[in-house]
Amino acid sequence: GESVGLHLPTLSVQEGDNSIINCAYSNSASDYFIWYKQESGKGPQFIIDIRSNMDKRQGQRVTVLLNKTVKHLSLQIAATQPGDSAVYFCAENIPPGGSYIPTFGRGTSLIVHP
Amino acid sequence: EAGVAQSPRYKIIEKRQSVAFWCNPISGHATLYWYQQILGQGPKLLIQFQNNGVVDDSQLPKDRFSAERLKGVDSTLKIQPAKLEDSAVYLCASSSGTGRNEKLFFGSGTQLSVL
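Calculation notes
Residues numbered from 1 in each chain as written. Chains lettered and ligands numbered in written order. Predicted model: local features only at pLDDT ≥ 70, side-chain atom pairs only at ≥ 80, totals over all residues. Heavy atoms only, no water. Disulfide = S-S within 2.5 Å. Helix = DSSP H or I, 4+ residues; strand = E, 2+ residues; numbered from the N terminus. Buried < 20%, exposed > 50% of the residue type's maximum accessible area, 1.4 Å probe, protein only. Contact = heavy atoms within 4.5 Å. Salt bridge = Lys/Arg side-chain N within 4 Å of Asp/Glu carboxyl O. Polar contact = N/O pair within 3.5 Å; in protein donor to acceptor, adjacent residues only side chain to side chain. Phe/Tyr/Trp six-rings, centres within 6.5 Å; stacked < 30°, edge-to-face > 60°.

S.K.: Help me understand the state of the cysteines in this model?
M.R.: Here a disulfide denotes a covalent bond joining the sulfur atom of one cysteine to the sulfur atom of another. On inspection of all chains with the given rule, the structure shows 2 disulfides over all chains. Two residues share a disulfide in this structure: A:Cys23 and A:Cys90, whose sulfurs sit 1.7 Å from each other. Handedness here is read from the sign of the S-S torsion; for A:Cys23 and A:Cys90, about 50°, the answer is right-handed. Taken together, the residues span a long stretch of sequence, with A:Cys23 in strand S3 (residues 19-25) and A:Cys90 in strand S9 (residues 86-94) at a distance of 67 residues. With a relative accessible area of 0%, A:Cys90 lands in the buried category. Between B:Cys23 and B:Cys92 runs a disulfide, and the two sulfur atoms are separated by 1.9 Å. Judged by the sign of its S-S torsion, about -70°, the bond between B:Cys23 and B:Cys92 is left-handed. One end of the pair, B:Cys23, is in strand S3 (residues 19-24); the other, B:Cys92, is in strand S9 (residues 88-95), and 69 residues separate them in sequence.

See the structure below:
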């Protein structure tokens, strides 16, 4: 089965609201996590990453939180805009035997209403 | 800097036919990945190359799928014969290496429909 999963398949928000997208991971050996954004008809695009020695990292309008105790990640988007509408994936780099294998969760579809 | 290039953009075939996809990674990127993304799901890794060697192909259905990266640059993924369940978007990605903190850069994918 998948080692990375998302709690909510669809999230609808109003423009200007803050969005929170959650992700659970099960591989305790993973120590690097990435959030990707995938717009319709395009490949996933890097948004922000976090290493396991951190519990929070901020970017422009985005913040990623990591809780290693419960193996949980979240992506917070401030002042959500219509352009943020996309599917968001968390991914973990799993080290099975020397080389890291990027593994994706199922994704959350974010819908922003104007 | 040019991104990851993939072709064709769309492909429609009948079951039992064969199909091939092409990928050219970002210049200088040693690692190349092929992912399969079924509608409504996250990308699933099929194969990972480091230069022209295979790092992981544990989820590649080897009875029908094959991939090569002969010169360590561009790559082709082939399906022969195709099944209905192969309908998906095939994404190619590249990264500079296979280390802990690698970010992937994706192409726009090839959307395959098997009828």
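S.K.: Could you clarify how one ought to interpret the interface of chain B and chain A in this entry?
M.R.: The parts lose accessible area when they come together, and the size of an interface is often stated as this lost area. Each partner contributes residues to the interface: chain B has 23 residues there, and chain A has 21 residues. At the junction of chain B with chain A, the criterion picks out 1 salt bridge. A salt bridge links A:Asp49 to B:Lys103; its shortest N-O distance comes to 3.4 Å. In this structure, the connection of chain B to chain A is made through 6 residue pairs in polar contact (both at pLDDT 80 or more).

S.K.: How do you make sense of the packing of aromatic side chains when you look at a structure like this?
M.R.: What describes a pair of aromatic rings is the distance from one ring centre to the other and the angle between the planes of the rings. Tallied over the entire structure, the rule returns 10 aromatic pairs over all chains. On the basis of an interplanar angle of 75° and a centroid distance of 5.8 Å, the ring pair of A:Phe104 and B:Phe106 is categorised as edge-to-face. One end of the pair, A:Phe104, is in strand S10 (residues 101-104); the other, B:Phe106, is in strand S10 (residues 105-106), on a second chain. We note that A:Phe104, like B:Phe106, is buried.

Keep in mind these values describe shape, not function.
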